[in-house]
Amino acid sequence: MKKIPFVTLEEVEKISQTWPTPFYVYDEKRIRENARKVNRAFSWNKGFKEYFAVKATPNPYILKILHEEGCGADCSSLAELVLAKVAGITGNEIMFSSNDTPAGEFAATAKLNGIINLDDITHIDFLKKEAGIPETICCRYNPGGTYTISNGIMDNPGDSKYGMTKDQLFEAYNRLRELGAKKFGIHSFLVSNTVTNDYYPMLAADLFRLAVELKEKTGIKLSFVNLSGGVGVPYEPGKKGNDIEVIGEGVRKAFEEILVPAGLSDVAIFTEMGRFMLAPYGELVTQAIHEKHIYKEYIGVDACAANLMRPAMYGAYHHITVLGKEDVACDHKYDVTGSLCENNDKFAIDRMLPRIEMGDYLVIHDTGAHGFAMGYNYNGRLWSAELLKQTDGTFKEIRRAQTLKDYFATFDNTEFAKDLL
Ligand SMILES: *Cc1c(COP(=O)(O)O)cnc(C)c1O
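Values in this document were obtained by computation on a predicted structure and should not be read as measured data.

> I'd like a description of the overall build of the protein, backed by residues and values.
A count of helical and extended segments in the protein gives 12 helices and 19 strands. Over its C-alpha atoms the protein spans a radius of gyration of 23 Å, differing by no more than 12% from the 22 Å that the globule rule assigns to 421 residues. By its C-alpha atoms, the protein is 70 × 65 × 45 Å across when sized along the principal axes. Relative to its 421 residues, the protein shows a buried fraction of 52%. Side chains of the protein carry 48 positive and 57 negative charges; the gap between the two charge centres is 3 Å.

> Could you give an account of the sheet that holds strand β10 (residues 224-226), with specific residues and numbers?
Read around the closed barrel, eight strands run β2-β3-β4-β5-β6-β9-β10-β11, paired in parallel fashion. Geometrically, the sheet is characterised by an average inter-axis angle of 25 degrees between neighbouring strands, direction not taken into account. Summarising the sheet, strand β2 (residues 49-53) and strand β3 (residues 72-75) pair through three bridges and their orientation is parallel. Its bridge partner lying in β3, Tyr51 is registered against Gly72.

> Which residues make up the layout of surface pockets, and what values do they have?
When its volume is computed, the largest pocket comes out at roughly 1100 Å³. What lines the largest pocket is a set of 38 residues, and nearest its centre among them are Lys55, Tyr162, Phe189, Ser192 and His370. For the lining of the largest pocket, the secondary structure elements donating two or more residues are β3 and α11 (310-314). In terms of residue class, the lining of the largest pocket is built from 14 nonpolar, 16 polar and eight charged. Both domains that meet at the lining of the largest pocket, namely domain 1 (9-23 + 280-411) and domain 2 (28-279), each give it at least three residues. Estimates place the volume of the second largest pocket at around 920 Å³. Those elements giving two or more residues to the lining of the second largest pocket turn out to be α2 (28-41) and α9 (244-259). Here the element with the most residues in the lining of the second largest pocket is α2; it accounts for six residues. Of the residues belonging to the lining of the second largest pocket, the class tally is 11 nonpolar, six polar and 13 charged. Each of two domains, domain 1 (9-23 + 280-411) and domain 2 (28-279), supplies a minimum of three residues to the lining of the second largest pocket.

> Can you explain the site of the ligand? Please cite residues and give values.
Close contacts around the ligand come from 15 residues, with Lys55, Glu272, Gly274, Arg275 and His370 the closest. At 3.1 Å from a nitrogen atom of the ligand is found a side-chain nitrogen or oxygen belonging to Asp74. The contact in question runs from a nitrogen atom of the ligand to an N or O atom on the side chain of Glu272, over 2.8 Å. Relative to its unbound accessible surface of 390 Å², the ligand loses 91% to contact with the protein. Among the detected pockets, the ligand sits in the largest pocket. Tallied by class, residues from the shell around the ligand come to three nonpolar, seven polar and five charged.

> Describe in detail the domain arrangement of the protein, supporting the description with residues and values.
Examined at the domain level, the protein breaks down into domain 1 (9-23 + 280-411) and domain 2 (28-279). In this complex, domain 1 contributes 22 residues to the contact, which on the side of domain 2 involves 24 residues. Buried surface at the junction of domain 1 and domain 2, summed over both partners, amounts to about 2000 Å²; 60% is from carbon and sulfur atoms. When the buried surface of domain 1 facing domain 2 is broken down by residue, Tyr281, Tyr317 and His370 rank first, second and third, together holding 32% of it. Linking domain 1 to domain 2 there are zero salt bridges.

> Hey, could you go over the side chain of Glu283 for me, with residue numbers and the actual values?
By the element assignment, Glu283 lies in strand β12 (residues 282-293). Buried charge without a partner: Glu283 forms no salt bridge, and the closest opposite charge is Arg30, 6.2 Å away. A distance of 3.3 Å separates a polar side-chain atom of Glu283 from the backbone nitrogen of Phe6. Apart from residues lying up to four places away in sequence, Glu283 is in contact with Ile4, Pro5, Phe6, Val7, Phe23, Tyr24, Val25, Val363, Ile364, His365 and Thr367.

> How would you summarise the pattern of salt bridges if you had to cite specific residues and measurements?
Inspection of the entire model under this criterion finds 28 salt bridges. Between Asp327 and Lys2 there is a salt bridge, with its nearest N and O atoms 3.4 Å apart. Residue Asp327 is found in the loop between β14 (320-322) and β15 (332-337), and its partner Lys2 is found in the segment before α1 (9-15); the two are separated by 325 residues along the sequence. Of the two residues, Asp327 and Lys2, neither departs from the other in class, the shared state being exposed. Of the charged contacts, one joins Glu257 and Lys253 as a salt bridge, the two residues approaching to 3.6 Å between their closest N and O atoms. Of the two residues, Glu257 and Lys253 are both situated in helix α9; the distance of four residues between them amounts to about one turn of the helix.

> Got a sec to walk through the packing of helix α3 (residues 60-68) against helix α4 (residues 78-86)? Specific residues and values, please.
Across the interface, α3 lies against α4 with an axial gap of 9 Å and an inter-helix angle of 55 degrees. Considering the angle they form, α3 stands oblique to α4. Along this stretch, α3 crosses α4, giving a crossing that reads as right-handed. Contacts between α3 and α4 involve Pro60, Leu63 and Lys64 from the former and Leu83, Ala84 and Val86 from the latter. Taken together, the residues that form the contact of α3 with α4 break down as five nonpolar, no polar and one charged.

Scoring rules and cut-offs
Within every chain, residues take consecutive numbers counted from 1 along the sequence as written. Only residues with pLDDT of 70 or above have their local features reported here, since the model is predicted, and side-chain atom pairs are shown and tallied only from 80 upward, although totals for entire chains, interfaces and linings are computed over all residues. Water and hydrogen atoms were dropped before computing side-chain values, which therefore reflect all heavy atoms in the structure. Numbering of helices and strands runs from the N terminus, with a helix taken as a DSSP run of H or I at least four residues long and a strand as a DSSP run of E at least two residues long. Put simply, the radius of gyration uses C-alpha atoms, and a globule should come to 2.2 Å times the residue count raised to 0.38. Whether a residue is buried, partly exposed or exposed follows from its accessible area with a 1.4 Å probe, protein chains only, as a fraction of its type maximum: under 20%, in between, or over 50%, in that order. All tallies of charge rest on Lys and Arg as positive and Asp and Glu as negative; His and the ends of each chain are not included. By convention, the charge on Lys lies at NZ, on Arg at CZ, on Asp at CG and on Glu at CD. Following DSSP output, two strands are said to pair if at least two bridges run between them. Interaxial angles span 0 to 180 degrees and are taken between N-to-C directions of axes, which are lines fitted to C-alpha atoms, for helices over the stretch in contact. The pocket and cavity definitions rest on a 1 Å grid over protein atoms only: a 1.4 Å probe that fits but cannot leave marks a cavity, an open set with protein on both sides within 12 Å along at least five of seven lines marks a pocket, and residues lining either have an atom within 4 Å of a point. Grid points are joined across faces, edges and corners, and a volume is the space filled by probe spheres set on the points. Only Asp, Glu, Lys and Arg are considered charged, only Ala, Val, Leu, Ile, Met, Phe, Trp, Tyr, Cys and Pro nonpolar, and every remaining residue, Gly among them, polar. The split of the chain into domains comes from an automatic or database domain assignment. By convention in this text, a residue qualifies as near a molecule or strand provided that one of its non-hydrogen atoms is within 4 Å of it. Any pair of nitrogen or oxygen atoms within 3.5 Å is treated as a polar contact; in protein, a donor-acceptor pairing is required on top of that, and neighbouring residues in sequence qualify only through side-chain atoms on both sides. The Shrake-Rupley method, run with a 1.4 Å probe sphere, supplies the accessible areas, and residue values consider only the shown protein chains as cover. Here the criterion for a molecule occupying a pocket or cavity is that more than half of its atoms lie within 2 Å of the pocket grid points. It only takes one pair of heavy atoms within 4.5 Å for two residues to be counted as in contact. Summed over both partners, buried area is the accessible surface (1.4 Å probe) that two parts give up on being assembled. For this analysis, a salt bridge means a side-chain nitrogen from Lys or Arg found within 4 Å of a carboxyl oxygen belonging to Asp or Glu. Any angle that is under 35 degrees is reported as roughly parallel, and any over 145 degrees as roughly antiparallel; angles of 65 to 115 degrees are reported as roughly perpendicular and all others as oblique. The crossing is said to be left-handed when, going from far helix to near helix, the turn is anticlockwise and less than a right angle, and right-handed when the turn is clockwise.

Structural data, given as structure tokens:
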């Protein structure tokens, strides 16, 4: 499938007069449509809830839109808890899935009545001291080894820092019950960015079987199974995406085969998707400001890896459209670069694109999740603005661009001028 930007050249020419490039823009209409699709796909499950992974797009306006569509928030730091609260998300609409948790954050979650998801068995005592053991609690599971589905090895949970072993998990539930917990959940996140409809159903089946075993061995009946994140999107054009309806049906099938016969038909299904909820509905818009002809052809743009780190960090592919040249032949091979003094600051390498003129606007696709969020200030490069294309087609600023004043806000330069003051 051809990737078509949701902003047009005319729109970008107009809005860049108010918000100079680079900027992020999100598509409210499609965010809502997709969230509705997710909720429909799991509507067979009475307690279903998607807890949007705040780290993917930590903007309260986005959280509010998702909350209006019935989503909660998956947080893992104090700032993310604050974001959830600002967006009006509290109580059991907050899942706190942290790891290596600093002091104070369980207490903050408890104040908001959020659900705490324990990454480790040693966190039980830590939590007990800090906030007491709540009535509802979740534990994170790591099966170890490698995780294999039909088309081969997907990832290596045995090498990942998250979750508890099976023995620890069962021991943790027993201890938590002794300490007064009444409602229990299980959580597991094994593979990132899966582009297959099989991942959630397979993970669900594994967790459902564990739930049955837990009930048989300890009498503890789980209240919810949290499938966490990991549902991916196709970043390359022509690659087929996930069908959330098929995924929902796959999870339902496992539910009916494993949980229902075991008398566990009240179990609620939770998810913590980030990428699937937002990635396709955000775009980074940038302008070509330099061209360079040496051993290769370079196009320099006004965004850099500080605005979007994924290509530099993971070698991730992000599709690029040159606005207004959608139908022009891609007969030029370019490296599209930012200005960081880091040679990996390239949004594309050897990419076939139409001939690019200075001043052309480039749209970097599928940057709505883990895009702006991973921004940093290397080389003193500043964060861009974030805009929302609202359902009525108008644009609204949902985060202003960082300024030099912001950049220097933590630095007291009067220290160096004491003799003058
Ligand atoms: C990152 C993360 C997610 C979201 O992952 P996606 O790949 O964006 O779906 C969900 N839960 C936890 C605990 C995470 O760390």
